[in-house]
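# Fold and geometry: a report
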Amino acid sequence: QPEGPQTMEAVNIRIGPLVFDHADYDADGDVLYLHVGQPQPGEGEETPEGHVLRFAPGSQRIIGLTIINARHLLNRDGRLIVTVPETVEASADELAPALQGA
């Protein structure tokens, strides 16, 4: 019995100082969901770029990142920029494992 629209992929995606070990890519919506550990509820905060960081409740510990238009941005810019709260970027090669199969 699948849990959601897709199976969560175990990956090792590094974006600046952050390392996400689970990814779920929604090809239809071009939305990439990155998680630290198993997905869990968190408090969302929009970044200046329009992505959403998720923090563990009551803390500044980042537990997830939702990247809107992930493939579009990589195709257009060749990289992804996210403010987390400092600005970091990830190359297309760094994000490739999370976007496979799309």
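Rules used throughout
Along each chain, the written sequence defines residue order, and numbers are assigned to residues from 1. Residues qualify for local features only when their pLDDT is at least 70, as the model is predicted, and side-chain atom pairs are given and counted only at 80 or more; totals for whole chains, interfaces and linings, by contrast, use all residues. To get the side-chain values, all heavy atoms of the structure are used, and hydrogens and water are removed first. Only DSSP runs of H or I covering at least 4 residues are called helices, and only runs of E covering at least 2 are called strands; the numbering of each starts at the N terminus. Note on classification: 1.4 Å probe, protein chains only; a residue is buried when its accessible area is under 20% of the maximum for its type, exposed when over 50%, partly exposed between these limits. Contacts are assigned to residue pairs that have any heavy atoms within 4.5 Å of one another. Here, strands pair whenever DSSP counts at least two bridges between them. For helices, the fitted axis covers only the stretch in contact; all axes are lines through C-alpha atoms, and the angles between them, taken along N-to-C directions, range from 0 to 180 degrees.

## So, the environment of alanine 92
With respect to the helices and strands, the residue alanine 92 is situated in helix 2 (residues 92–99). The partly exposed category is assigned to alanine 92, whose relative accessible area is 32%. Distance from alanine 92 to arginine 79, taken between C-alpha atoms, is 5.4 Å for residues 13 residues apart in sequence. For alanine 92, the contacting residues outside a window of four places in its chain are Leu74 and Gly78.

## Things to note about the sheet that holds strand 4 (residues 43–46)
Overall, antiparallel pairing links the 6 strands, which are arranged 1-2-3-6-5-4 in an open sheet. In this open sheet, the two strands that pair with only one neighbour each are strand 1 (9–15) and strand 4. Recorded for the sheet is a direction-independent mean angle of 30° between the axes of neighbouring strands. Of the strand pairs in this sheet, strand 4 and strand 5 (residues 52–55) are connected by 4 bridges, and their pairing is antiparallel. Bridge pairing in strand 5 places glutamate 45 opposite leucine 53. Helix-sheet contacts for helix 1 (residues 70–77) involve strand 2 (18–26), strand 3 (31–35) and strand 6 (62–68), and the interaxial angle to strand 6 is about 70°. Each of strand 1, strand 2 and strand 3 is contacted by helix 2, which is oriented at about 160° to strand 1, the strand it contacts most.

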